[in-house]
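# Chains, contacts and geometry: an overview
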Protein chains: 2
Amino acid sequence: MKTTTLRALAEPNRLQIVELLRGGPLSVGEIAERLGLRQPQASKHLRILSDAGVVEVHAVANRRIYKLRHSAFQELDAWLASFRRVWEEKLDSLDDYLEELQSKNGNREGKP
Amino acid sequence: MKTTTLRALAEPNRLQIVELLRGGPLSVGEIAERLGLRQPQASKHLRILSDAGVVEVHAVANRRIYKLRHSAFQELDAWLASFRRVWEEKLDSLDDYLEELQSKNGNREGKP
DNA sequence: AGAGAATATACCCGCAAAGGAATTTTCGAA
DNA sequence: TTCGAAAATTCCTTTGCGGGTATATTCTCT
């Protein structure tokens, strides 16, 4: 998992942009207006999202239309999926950890 | 979606901690050692992960055992799931956006 | 009670990242 | 080719965050 994607999503305004784009592609101006951002900040955030591969741009005349990139979310999803194993196989059992600890220490622990 | 969870995961060391804990619960010392972190940094990162609800602690004698929290990942998963609709319903079509634009402008655009 | 572990906190420093304002670039239309 | 929109980039300032080191806290065992 790349932390760039997560970093990009971890900023409130950027997360809002992503949520907004769920409804479909939008231009920079529309995004800025709907979120109460100033145009430069909107552009900057979009740049970061773009660099992280979360969104992609299409130039249409004067406008730049931004939309979500499927693959970014697929990757996130794949990563999350790899955690299901943890719960399914109960890899997070505290008791197991303690037993493991026991066997490691063995007799040791009270200086021989 | 809360940005606190994402922020917590967006830092390389913390993400590594999470990856590490996939294998099961670990104490602070073990985490620090395996990742080449100094104990205070490990503790700080764990604090942040804990505050974000990504991990949980259990005190065992002198040690603090950290493990992943199922629900944090469930929430992430649920949020991601809400994006599937975007692709399934092709809400990201650029053409649709342009048509929408057309109808909005209608006749207007070249000052009447 | 005292010593020594494992861990958490506090304090300081440097830097990266976010906001604001101004400026530049790009494109379409007249 | 000039004008005016839409958007990107630049520069500046501030602040939050991560690393480093030292110190406090907590627990165990003797």
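Residues numbered from 1 in each chain as written. Chains lettered and ligands numbered in written order. Predicted model: local features only at pLDDT ≥ 70, side-chain atom pairs only at ≥ 80, totals over all residues. Heavy atoms only, no water.

### Remarks on the protein's contact with DNA strand D
Around DNA strand D, the structure places 24 residues, and the nearest of them are A:Gln39, A:Ser43, A:Tyr66, B:Asn13 and B:Lys44. Restricting attention to atoms of DNA strand D within 4 Å of the protein, one finds that 59% of them are sugar or phosphate atoms. Here A:Arg64 contributes a backbone N or O atom positioned 3.5 Å from a phosphate oxygen of DNA strand D. Within the contact set of DNA strand D, a base oxygen lies 2.5 Å away from a side-chain nitrogen or oxygen of B:Lys44. For the surface near DNA strand D, the secondary-structure elements that each account for two or more residues are α3 (28–35), α4 (39–51) and β3 (63–68) of chain A together with α2 (12–21) and α4 (39–51) of chain B. Tallied by class, the residues present in the surface near DNA strand D amount to six nonpolar, nine polar and nine charged. (Near = heavy atom within 4 Å. Polar contact = N/O pair within 3.5 Å; in protein donor to acceptor, adjacent residues only side chain to side chain. Helix = DSSP H or I, 4+ residues; strand = E, 2+ residues; numbered from the N terminus. Nonpolar A, V, L, I, M, F, W, Y, C, P; charged D, E, K, R; others polar.)

### A closer look at the protein's contact with DNA strand C
Every one of the 24 residues lining DNA strand C counts as a neighbour, but A:Asn13, A:Lys44, B:Gln39, B:Ser43 and B:Tyr66 are closest to it. If you look at DNA strand C and keep only atoms within 4 Å of the protein, 59% of those are sugar or phosphate atoms. B:Asn62 is positioned such that a nitrogen or oxygen atom in its side chain is 3.1 Å from a base nitrogen of DNA strand C. Between DNA strand C and the protein, one listed contact pairs a phosphate oxygen with a side-chain N or O atom of B:Tyr66 at 2.6 Å.

### Some thoughts on α4(B)
All names here are of chain B. An ideal rise of 1.5 Å per residue puts 18 Å on 13 residues; α4 measures up with 18 Å between its terminal C-alpha atoms. Buried residues of α4: Ala42, His45, Leu46 and Leu49, and no others. Summarising the axial view, the buried residues of α4 lie within an arc of 100°, below the 170-degree limit, and thus occupy one face. Away from the buried face of α4 by more than 90 degrees, exposed residues Lys44, Arg47 and Asp51 are located. Two residues or fewer past α4, Gly53 is found with a positive phi of approximately 80°. (Expected span 1.5 Å × (residues − 1). Buried < 20%, exposed > 50% of the residue type's maximum accessible area, 1.4 Å probe, protein only. Arc of directions from axis to C-beta.)

### A short note on the relation of the copies chain B and chain A
For the match of chain B to chain A, the screw axis carries a shift of 0.0 Å, the RMSD comes to 0.1 Å, and the turn is 180°. Seen this way, the second copy is the image of the first under a two-fold rotation axis. Residue B:Leu6 of chain B places its C-alpha closer to the rotation axis than any other residue of that unit, at 3.1 Å. Most of the interface of chain B is mirrored in chain A, where 100% of its interface residues again form contacts. (Least-squares fit on C-alpha atoms with pLDDT ≥ 70 in both. Contact = heavy atoms within 4.5 Å.)

### Details of the sheet that holds strand β2 (residues 55–60) of chain B
Residues and elements named next belong to chain B. Here three strands make up an open sheet; going across it, the order is β1-β3-β2 and the pairing antiparallel. Both edges of this open sheet fall to β1 (26–27) and β2, since each of them pairs with a single strand only. Lying on the sheet, α2 is in contact with β1, β2 and β3 (63–68); it crosses β3 at an angle near 85°. (Pairing = 2+ DSSP bridges. Axes fitted to C-alpha atoms, helices over the stretch in contact; angles between N-to-C directions.)

### Remarks on the interface of chain B and chain A
Contact residues are listed per partner, giving 42 residues for chain B and 42 residues for chain A. Broken down residue by residue, the surface that chain B buries against chain A is led by B:Arg22, B:Trp87 and B:Tyr97, which jointly contribute 17%. Counting across the chain B and chain A interface gives four salt bridges. Taking the shortest distance from any N to any O, the salt bridge between B:Lys67 and A:Asp92 comes out at 3.8 Å. (Buried area = accessible area lost by both parts, 1.4 Å probe. Salt bridge = Lys/Arg side-chain N within 4 Å of Asp/Glu carboxyl O.)

### Let's talk about the packing of helix α2 (residues 12–21) of chain A against α3(A)
Residues and elements named next belong to chain A. Orientation of α2 relative to α3, taken along the N-to-C sense of each, is 115°, at an axis distance of 11 Å. The angle between α2 and α3 falls in the class roughly perpendicular. The crossing of α2 and α3 is right-handed. Counting all contacts with α2, which are made through Asn13, Gln16, Ile17, Leu20 and Leu21, the residues of α3 involved are Ile31, Arg34 and Leu35. (Parallel < 35°, antiparallel > 145°, perpendicular 65-115°, else oblique. Left-handed = near helix turned anticlockwise from the far one by under 90°.)

### Examining the nonpolar core
Ranked by internal contacts, the top residues of the largest apolar core, which has 65 residues, are A:Val54, A:Phe73, B:Val54 and B:Phe73. What A:Val54 contacts, discounting residues up to four positions off in sequence, is A:Thr5, A:Ala8, A:Leu9, A:Val18, A:Leu49, A:Lys67, A:Leu68, A:Arg69, A:Ala72 and A:Phe73. (Core = buried A, V, L, I, M, F, W, Y, C linked by side-chain atoms within 4.5 Å.)

### Things to note about the packing of aromatic side chains
Inspection of the entire model under this criterion finds six aromatic pairs over all chains. With a centroid separation of 4.6 Å and an interplanar angle of 25°, the aromatic rings of A:Phe73 and B:Phe83 are classed as stacked. Taken together, the positions of A:Phe73 in helix α5 (residues 70–88) and B:Phe83 in helix α5 (residues 70–88) put the pair across two chains. The burial state of A:Phe73 is the same as that of B:Phe83; both residues are buried. Ring centres 6.0 Å apart and planes at 50° place the aromatic pair A:Phe73 and B:Trp87 in the tilted group. Of the two residues, A:Phe73 is situated in helix α5 and B:Trp87 in helix α5; the pairing between them involves two chains. Across the pair, B:Trp87 and A:Phe73 agree in class, each one buried. When the ring centre of B:Phe83 is taken as reference, the NZ or CZ atom of A:Arg22 above it lies at 4.9 Å. (Phe/Tyr/Trp six-rings, centres within 6.5 Å; stacked < 30°, edge-to-face > 60°. Lys NZ or Arg CZ within 6 Å of the ring centre and 35° of its normal.)

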